[in-house]
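Fold and contact review
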Amino acid sequence: MSSKKKRKQKLPLAVKILIFLALILFFIALFFYLALNAQLNKINRVDESDAERIPVSEETFEENYEEGDGESAPSTLDLTPDSVKWAADQNVMKDKDVANILIIGQDRRPGESRQRSDTMIVFSINKKSGRIILSSLMRDTYVQIPGYSDNRLNAAYQFGGMALLDETIEKNFAIHIDGNIEVDFDGFTAAIDTIGGIDIELNEAEAEYMQQQGYSVTSGMNHLDGTTALSYARNRSVGRSDWRRTERQRTVLSAVFTKMKDCDVSTLFALTNDIFPLLTTDMDNTKLMGYVLEILGTGATSAESHQIPAEGTYTPATIRNMEVLVPDLDANRDYLKEHIYG
């Protein structure tokens, strides 16, 4: 054996360049991860597993809302709670390629405790089909609330927060809820203003109503800022009351989603500064970042829009002096599974 030491083998220049570029990419990715994590920390967190539930003795049955202009308003049947026969429970649908995030809006004034949920929209990410699906859950839907009397769906949030609302949706509609995000109305307007407003088409009646509220709009396409868009989304006075209102809400969310897909990085970070402190969630940063990546991975440029109960799958009724929609649970479960899970 030669006594000479073997010379160290030098790495080829191309390999050195690749290692250098890999290190640069690693530190860039690390920077963006830490920056995004810092932004996500601005979101309010709640441990819904410990959410306080009101005693059954304090449950309430909300009286009728002020209705819209009566357009195609269905007549109602007078029913007793005992006369409603529910379909048997089904196994809750879960799929590793589908995530369901419940977006909750509540009209809570400063100083008030948890109120009924004014808006409930299931934001579904279907990774397999590359689709984003928005499904409004009508707040007047009559449902079984675990541990309480049958009531309107929006009562579940007031009685037991996100956890009870999720349980209620899963029991009645058999779809799994993976996480919740509560949005207040300040957050809604701030988000739309940050992305520069959205384009919404108003019909004649909607434009006339908003003009009466002091907004400069016309029938046809309008560019709306956050405050004007909020007025449009909350309008219950034109059309079939909550039917048309939930449709408007999905229209706004879809317009926001489409606009955000074209936003640059600086606008998106500005958006997080404005909106994140106005959100509340039961999800941690890792889970949230995962869903952001899944949304980007779908490549979807728009969102599908659906409403529950679906047309032809409910009975309008008056129960405990509440005007409600009694759903055919099996029909609505099938509808959701078809449109969300495909």
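What counts and how
- Residues numbered from 1 in each chain as written.
- Predicted model: local features only at pLDDT ≥ 70, side-chain atom pairs only at ≥ 80, totals over all residues.
- Heavy atoms only, no water.
- Helix = DSSP H or I, 4+ residues; strand = E, 2+ residues; numbered from the N terminus.
- Contact = heavy atoms within 4.5 Å.
- Areas by Shrake-Rupley, 256 points an atom, 1.4 Å probe, with all protein chains shown as cover.
- Phe/Tyr/Trp six-rings, centres within 6.5 Å; stacked < 30°, edge-to-face > 60°.
- Buried < 20%, exposed > 50% of the residue type's maximum accessible area, 1.4 Å probe, protein only.
- pLDDT = per-residue confidence, 0-100.
- Arc of directions from axis to C-beta.

Description of the overall build of the protein
Scanning the protein from terminus to terminus reveals 9 helices and 14 strands. Here the analysis covers contacts within the protein between residues at least 6 apart in sequence; of these, 73% occur between residues at least 24 apart. For the protein, the exposed surface amounts to about 17800 Å²; the carbon and sulfur share of it is 54%.

Describing the packing of aromatic side chains
Throughout the structure, instances matching the rule amount to 3 aromatic pairs. With a centroid separation of 6.4 Å and 65 degrees between ring planes, the pair formed by Phe-123 and Phe-257 is classed as edge-to-face. Of this pair, Phe-123 sits in strand β4 (residues 117-126) while Phe-257 is found in helix α6 (residues 242-261), placing the two residues 134 residues apart along the sequence. Assigned by exposure class, Phe-123 and Phe-257 land together as buried. For the pair Tyr-148 and Phe-159, a centre-to-centre distance of 5.1 Å together with 35 degrees between the ring planes defines the contact as tilted.

Describing the confidence of the model for the protein
Of the residues in the protein, 85% reach a pLDDT of 70 or more, and the chain-wide mean stands at 84. Within the protein, helix α1 (residues 13-40) has the poorest average pLDDT of any element, 70, and strand β6 (residues 142-143) the best, 98.

As for helix α7 (residues 265-275)
Buried within α7 we find Leu-271, Thr-272 and Ile-275. Down the axis of α7, the buried side of the element spans an arc of 100 degrees, and every buried residue falls inside it.

Remarks on unusual backbone geometry
Where the residue is not glycine, phi is negative for most of them; where a peptide bond is considered, it is trans in most cases. Here Ile-308 and Pro-309 are connected by a cis peptide whose omega angle stands at 5 degrees. Mapped onto the secondary structure, Pro-309 falls in the loop between β12 (304-308) and β13 (314-319). Of note, Arg-320 is a non-glycine position whose phi angle comes to about 55 degrees, a positive value. As for its position among the elements, Arg-320 is in the loop between β13 and β14 (322-327). Residue class for Arg-320 comes out partly exposed when judged on its relative accessible area of 39%. Of note, Asn-321 is a non-glycine position whose phi angle comes to about 65 degrees, a positive value. Its place among the elements puts Asn-321 in the loop between β13 and β14.

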